[in-house]
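So the chains spell out like this:
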Amino acid sequence: MERRSEQRRPPLVPPAYAAVVADFDPSVYGASGIADEYDVLYADHWETEAAVERLVELAEGGPVLELGIGTGRLALPLLERGIEVHGVDGSEEMVSKLRQKPGGERIPVVVGDFAKADAGREFPLVVLAVNTIFALPDQQAQVECFRNAARHLVPSGRFVVEAWVPDIGGFRHNRLVRPRITRPDTISIETAELDPVEQIMRTTQAVFSNGSVRLYPANHRYAWPAELDLMAQVAGLHREERWADWRRSPFTADSEAHVSVYRR
Ligand SMILES: C[S@@+](CC[C@H](N)C(=O)[O-])C[C@H]1O[C@@H](n2cnc3c(N)ncnc32)[C@H](O)[C@@H]1O
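**Observations concerning the overall build of the chain**
Right, so step 1: The helix and strand inventory of the chain stands at nine helices and eleven strands.
Right, so step 2: Projecting the C-alpha coordinates of the chain onto the three principal axes gives extents of approximately 65 × 45 × 35 Å.
Right, so step 3: Relative to its 264 residues, the chain shows a buried fraction of 51%.
Right, so step 4: The long-range share in the chain, meaning contacts at least 24 apart out of those at least 6 apart in sequence, stands at 60%.
Right, so step 5: About 13100 Å² of surface is accessible on the chain, with carbon and sulfur atoms providing 52% of the total.
Right, so step 6: Both charge centroids of the chain, one from 30 positive and one from 39 negative side chains, sit 3 Å from each other.

Rendered as C-alpha cells:
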C-alpha cells in the first residue's frame, strides 16, 4: 500500500526526458520569438559592463570566441574595445538581430550547435555566458561542449563559463512559480518543473506588457559547479578562478551564480 504522502503527491508531469534529449534542436531558443525582445527584456538584467571589463582582461588582446553569441550583448562592446570577436549560435533569428546592429556584420558567426560547431581557428579566450551551458540537453552534450571549447583554445587559453548555482530548495512537489522581470510596464512570471533525477528543469516565462502576453519555454539541464569542474577536467582543462559574479566577488556558500575560468 502506498504511503499517504505519496498518494497526495501529484504525479510529475511526464518527465519526457528522453524526448528532451532526442528532440534537442539548438535553434529552438530563438524560434520562440524571444529574439524580437531579448535586448529590451534583458537590457538591465545581466551584468554587461562588468562582464565586458573582465572579458577584455581575460582575452589578453583576443580574439575571442563566444558560444551562444545571441544578439551581441557582450560581443559588440568587446568589438568596440578593439577585440576581434567570433561567434557560434544555433538561432538564425538571434544572429540576424546581431547583424542589424552597428558592427554586427563584422563578426563571423557559425550557425550551429556550440557543442559541435567548428569556428575554424584557435582563440586565447572562449566564453559561454548566462547559463547557456544548461541549454544543452544532457551531461554528455555538456561534456562535448567543454571538449569543443578546449579544441578552440590556444595552449594555456581560457574557457569562461557563467552559470547559476542550482537552488532547488524552493520547489514544492517539483514545481515552482516565481517572478523574473518586475518593471512598471513589463512583468514576467516563470513556471518551472523539475526532474531531479535527470537534473532537468523545464520552464516557461510568461511576459506581460502592452496588453499582451508572450510565452517563452526553455529547458535547462542544470549542474552544480563541481560537476562543471569535472566536465572541464574530462576536456583537459583545469579551473583557474571561480567568482560569484563578473566583478570578481568571492564565491561563497551563499552565491547564487558563478563565473568560472578554466584553462587549457
Ligand atoms: C540566453 S542567450 C545569451 C546570448 C548572449 N550570450 C548574451 O549574453 O546575451 C543564449 C543564446 O545561446 C543560443 N544557444 C542555445 N543553445 C545553443 C546551442 N546548443 N548551440 C548554439 N547556440 C545555442 C541561443 O540561440 C541564444 O542566442
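**Some thoughts on the sheet that holds strand β6 (residues 175–182)**
Right, so step 1: On the basis of which strands lie adjacent, the open sheet formed by four strands has the order β6-β7-β8-β9 and antiparallel pairing. If you trace the sheet from one side to the other, it starts and ends with β6 and β9 (212–221), each paired once. Ignoring which end each strand starts from, the neighbouring axes of this sheet average 20° apart.
Right, so step 2: In this structure, strand β7 (residues 186–195) lies alongside strand β8 (residues 200–209), joined through ten bridges in antiparallel fashion. Across the sheet, residue Ile-189 finds its bridge partner in β8, namely Ala-206.

**Re the environment of Ser-260**
Right, so step 1: Considering the arrangement of structural elements, one finds Ser-260 in strand β11 (residues 257–263).
Right, so step 2: Sequence separation of Ser-260 and Phe-123 is 137 residues, and the distance between their C-alpha atoms is 17 Å.
Right, so step 3: Here Ser-260 is in contact with Phe-159, Val-160, Val-161, Glu-241 and Arg-242, once residues within four sequence places are set aside.
Right, so step 4: A distance of 2.7 Å separates polar atoms of two side chains, one belonging to Ser-260 and the other to His-258.

**Digging into unusual backbone geometry**
Right, so step 1: Backbone torsion omega between Gly-62 and Pro-63 reads 0°, so that peptide bond is classified as cis.
Right, so step 2: With respect to the element layout, Pro-63 can be found in the loop between α5 (48–59) and β1 (64–67).
Right, so step 3: Its identity is not glycine, yet Gln-199 carries a phi of approximately 55°, on the positive side.
Right, so step 4: In this fold, Gln-199 is placed in the loop between β7 and β8.

**Re the site of the ligand**
Right, so step 1: As a matter of local geometry, the ligand sits amid 21 residues, with Tyr-38, Glu-66, Gly-68, Arg-73 and Asp-89 nearest to it.
Right, so step 2: At a separation of 2.7 Å, a nitrogen atom of the ligand approaches a polar backbone atom of Gly-68.
Right, so step 3: Relative to its unbound accessible area of 590 Å², the ligand is 96% covered by the protein chains.
Right, so step 4: Grouping the amino acids of the shell around the ligand by side-chain chemistry returns eleven nonpolar, six polar and four charged.

**Some thoughts on the side chain of Arg-221**
Right, so step 1: Note that Arg-221 resides in strand β9.
Right, so step 2: Other than its neighbours up to four places away in sequence, Arg-221 contacts Phe-134, Leu-136, Pro-137, Asp-138, Gln-139, Gln-142, Glu-198, Gln-199, Ile-200, Glu-227 and Met-231.

**Things to note about the nonpolar core**
Right, so step 1: Counting 39 residues, the largest nonpolar core has Leu-78, Ile-107, Val-160 and Trp-246 as the members making the most contacts within it.
Right, so step 2: Breaking this core down by element, the ones donating at least two residues are α4 (38–42), α5, α6 (75–80), α7 (92–99), β4 (123–128) and β11.
Right, so step 3: The leading source of residues in this core is α5, at seven residues.
Right, so step 4: Excluding anything up to four places from it in sequence, Trp-246 contacts Glu-47, Ala-50, Ala-51, Arg-54, Leu-55, Val-127, Val-160, Glu-162 and Val-259.
Right, so step 5: Formed by 37 residues, the second largest nonpolar core is a distinct cluster that contains Leu-128, Ala-141, Val-161 and Leu-228.

What counts, and at which threshold
Residues numbered from 1 in each chain as written. Predicted model: local features only at pLDDT ≥ 70, side-chain atom pairs only at ≥ 80, totals over all residues. Heavy atoms only, no water. Helix = DSSP H or I, 4+ residues; strand = E, 2+ residues; numbered from the N terminus. Buried < 20%, exposed > 50% of the residue type's maximum accessible area, 1.4 Å probe, protein only. Contact = heavy atoms within 4.5 Å. Areas by Shrake-Rupley, 256 points an atom, 1.4 Å probe, with all protein chains shown as cover. Lys, Arg positive; Asp, Glu negative; His and termini not counted. Charge placed at Lys NZ, Arg CZ, Asp CG, Glu CD. Pairing = 2+ DSSP bridges. Axes fitted to C-alpha atoms, helices over the stretch in contact; angles between N-to-C directions. Polar contact = N/O pair within 3.5 Å; in protein donor to acceptor, adjacent residues only side chain to side chain. Near = heavy atom within 4 Å. Nonpolar A, V, L, I, M, F, W, Y, C, P; charged D, E, K, R; others polar. Core = buried A, V, L, I, M, F, W, Y, C linked by side-chain atoms within 4.5 Å.

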